[in-house]
Every structure is written in C-alpha cells, then in structure tokens.
Amino acid sequence: MNRVTIVGAGFAALTAVQKLRAADPGMEITLVAPRPEFTYLPGTIWIPSGLRQPEDLLISLDNFFQRMKVQYHKGSATGLKDNGRTLLTDNGEITNDGLIICSGGQFIKKLPGIEHTITPCEGIPAAVKIRDRLNQLESGTIAVGFSGNPKEPSAMRGGPMFEFLFGIDRKLRLDGKRDNFRLVFFTPAPSPGNRLGPRAVKGLLNEMKKRDIDTHLGNKIKGFTESKIITEGGEFDAHLILFMPGMTGNKWFDNTDLPRSEGGLIRADKFCRVEGMKGVYVAGDSGSFPGPDWMPKQAHMADLQAAAAAANLVAELNGEAPSETFKVELICIVDSQTTGSLVVRTLKHNIVLPQMRAFHWLKRYFEWWYLRQYR
Ligand SMILES: Cc1cc2nc3c(=O)[nH]c(=O)nc-3n(C[C@H](O)[C@H](O)[C@H](O)COP(=O)(O)OP(=O)(O)OC[C@H]3O[C@@H](n4cnc5c(N)ncnc54)[C@H](O)[C@@H]3O)c2cc1C
C-alpha cells in the first residue's frame, strides 16, 4: 500500500486528497496541518461589512477526513529528511512513499513600521481586526495598498485588496459615513492590477474615480509609521492602513534542501514535481512554476496544480512517467459587496466584464457550492 503525506489543509491540499483517493481507494493518506479546519479565504473580504461571520468561513474537516479515509496528523511541518521520504513536524516524524507540499505562502514583512499595518490576507483574524477598526472610526483617512516580491512577479495578491477597498467604500456609504473619510489606494506599480490584464487596470482605476478614491501610484514604499505611509514620491497620513506585501516561501522550507526560486518558493516543473527530487510535489501558493509572469496565486490555480500533482504522483508510484500538466488560468470576480466584475485571463484571452449585481451573487453562490464538498 502506498503512503502519501500531504502538508497543509487549504485549497491545494484538499483537492489533492480528493484526487488521490479517487485514483487509489487503498492508498494511505496522511495530512499534516496545525488544525483540522479549512479556511475559505476568498470569503474574508465580506467580514468587515458583516456579510460573513468568521464561523461561516471556517469549516471543520472531521467529516471530510472520515469520508476520504485521511489520517489527520496535528502539527506543522518543520523539515525534511531522506530526500523527502521523511517529513519532520513539531509533533513527530512521518515517513512516506510520496509527498505533496501545499502549505501556502507567507508574506514578506521587512518594510520598516509594517507592524502598524494590517495584512488583510492573513486570514480571518486580520479581517475581524479590519471590521472592528472600521466600526470604531468616525472619520479619517483609510489607505489600502499592496506590493509584490521583486524576485517573483507572480508572488503577489492584489485582487483581494481591490475587494477590501471597494468593500470599505460601500460599507462607509451604507453606514452614512463616507463623506467623513478619505480613501487612498497606493502601490509602487504605476498600473495596479496589471497581472489581471491591461483591460482590468483601466476598469479598476475608473471604478476608483467613480467612488472618489484617491490614488498614490508608482512610488516605491519606504515604510510606515502608526499614521503615515512613506514612499519615495512623498508621504501621506492615514488612520487605518491595510497593506499586502509580496509573498515568499514558508519558513519551514529554510530547514530543508528543497530547491528554491529566487523569490523563495519551491521550484517545480510543469508536472508540479519538485525539481531534482523523487516523489515530491508542490501545489498552490508554496510553489514556483514555469509559465507566464501573470500566473496567479489563486485558489483556482492551486486546485488545478493539486490535481496535476496528485495524478503525477500516482503515476510515479505506479512506475509510470508523470504526464499531467495544468492550465494557466486566472478567473476572478472582483467583488464590491453588492456588485462584482468578472476578470478572465488565459494564454489566449483576457476578458473583463463590468460591475454587475449578477457577479456578486455568482461569487456568493460559488462559495456555497465549493464549501458543500467539505461540510
Ligand atoms: C482575502 C483573500 C481573497 C482571495 N480571493 C480569491 C478569489 O476570489 N479567487 C481565488 O481563486 N483565490 C483567491 N484568493 C487566493 C487563495 O485563497 C489562495 O491562492 C489559496 O488559498 C492558495 O491555496 P493553498 O492551498 O496554496 O494555500 P492555503 O489555502 O493558504 O493553505 C495552506 C495550508 O497550509 C497550512 N500550513 C501552513 N504552514 C504549515 C506547516 N508548516 N505545516 C503544515 N501545514 C501548514 C495552513 O494552515 C493551511 O491549511 C484569496 C485570498 C485571500 C487571502
């Protein structure tokens, strides 16, 4: 019986579980994660407005693990031994015949004063903090921005920051407080959202103009204070700063011989196989994959990569050559609480459809539909 270990309990990990189980009903699957829970991160954009409560987005995996015959190992990966055949965790060692790493990403927190900002994409606690701060504030300036990892163009998360920005604008209007606030969007890139495609940039900037949101674009960020954003193009005051830095690899990768990209992610080939290692695969935000520089760090991409990784690992364990690749596809709805705009980018197409109510409802429906499989 083959024994496979999966690191993580996010999008990529749970898709890998399903694909492995479908391919091999007898396989021994062990999943390592700090908690037996799945966080539906895309829904956290709705926590500040109260449209979602934390418990709506945190799904216990007990039923799913039972259905999929997964052995859950409570703990965090801390390192590797025997060229990947042993995973070290803070709760003991696990040996395997195959390993899929899906432990997500980590944010680069090097800018001076970054502790004065909220990193919205750090999950439910960050979104709750934003909600509470918004409820306390009666007036002032709210600044929302993001930057990337200069050594890894794909390791950034911009889309959700537009959603937090438009969502805050909408909430303040609904609360009757919008006139008391200045909203500022900032990023070192002169064309924010460029990775969604050039048509999206225009749409996003128009949307900001329509909503009376100021911009501070194209200036490298030097740091923050409790009430200031300092850039090479000047500084400005803010009472609440939401800032998403670029992403890099998990800390535990540093204790391993895993090959790393310049940006710190695990280097993989087009089959999601970790370069130079047997039976070791990576999927989702943890990996650096060959492809266009706009390849998104998105749940959808993580799912596509996990499916390829699982199929290829099964092939390898059966003595066959990996052959499954993944499509590079960016699909997202940039939501603004009551409407949303659809952005699709593939190697051939870039489609941007304007803000419509239907897209907001589609995003809500998708969340329900996606989470059904884990309840
Ligand atoms: C606010 C927000 C909105 C988003 N909106 C969208 C959207 O609309 N569409 C979309 O496609 N994507 C969206 N994304 C991006 C998407 O959520 C991520 O790309 C996706 O979660 C990546 O999946 P993953 O499995 O690689 O990592 P994650 O989902 O982050 O999962 C990582 C898992 O690894 C675990 N872990 C971490 N370290 C260790 C360790 N040392 N040992 C064991 N386990 C560990 C974590 O606990 C977690 O379970 C959004 C993200 C955010 C934050």
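Residues numbered from 1 in each chain as written. Predicted model: local features only at pLDDT ≥ 70, side-chain atom pairs only at ≥ 80, totals over all residues.

Chemist: Is there a simple way to think about the domain arrangement of the protein chain in this case?
Modeler: Many authors give the size of an interface as the accessible area that is lost as the parts come together. When cut into domains, the protein chain gives domain 1 (3–105 + 249–317) and domain 2 (109–246). Here domain 1 and domain 2 have C-alpha centroids that lie 29 Å from each other. At the interface, 21 residues of domain 1 touch 22 residues of domain 2. Here the side of domain 1 that touches domain 2 is composed, by residue class, of 11 nonpolar, seven polar and three charged. (Domains from an automatic or database assignment. Contact = placed C-beta atoms within 7 Å. Nonpolar A, V, L, I, M, F, W, Y, C, P; charged D, E, K, R; others polar.)

Chemist: For this particular structure, what's the right way to read the site of the ligand?
Modeler: Surveying the vicinity of the ligand reveals 33 residues, the closest of which are Gly8, Gly10, Gly104, Gly284 and Gln298. Mapped by element, the contributors of at least two residues to the shell around the ligand are α1 (11–23), β2 (28–33) and α7 (299–317). If you count residues domain by domain, the shell around the ligand takes at least three from each of domain 1 (3–105 + 249–317) and domain 2 (109–246). (Near = placed C-beta within 6 Å. Helix = DSSP H or I, 4+ residues; strand = E, 2+ residues; numbered from the N terminus.)

Chemist: Help me understand the nonpolar core, please; the structure alone is not making it clear to me.
Modeler: Nonpolar side chains in soluble globular proteins generally cluster together in the buried interior. Ranked by size, the top nonpolar core spans 101 residues in total, and within it Ile6, Ala16, Ile100, Cys102, Ala283 and Ala309 carry the most contacts. Sort the elements by how many residues they give to this core and α7 lands first, with 11 residues. Three or more residues apiece are contributed to this core by two domains, here domain 1 (3–105 + 249–317) and domain 2 (109–246). When near neighbours in sequence (up to four residues on either side) are disregarded, Ile100 contacts Val4, Ile6, Ala16, Tyr281, Ala283, Ala309, Ala310 and Leu313. (Core = buried A, V, L, I, M, F, W, Y, C linked by C-beta atoms within 7 Å. Buried ≥ 20, exposed ≤ 12 C-beta atoms within 10 Å, placed from the backbone.)

Chemist: Whenever I open this one, the packing of α1 against α7 confuses me. Can you help?
Modeler: Think of two packed helices as two axes; the pair is described by the angle between the axes and how far apart they sit. The contact between α1 and α7 brings their axes to 8 Å, and the two run at 35°. Here α1 runs over α7; the crossing is right-handed. When α1 is examined against α7, the residues Phe11, Ala12, Thr15, Ala16, Lys19, Leu20 and Ala23 are found in contact with a partner set consisting of Ala299, Ala302, Asp303, Gln305, Ala306, Ala307, Ala309, Ala310, Ala311 and Val314. Here the residues of the contact of α1 with α7 sort into 13 nonpolar, two polar and two charged. (Axes fitted to C-alpha atoms, helices over the stretch in contact; angles between N-to-C directions. Left-handed = near helix turned anticlockwise from the far one by under 90°.)

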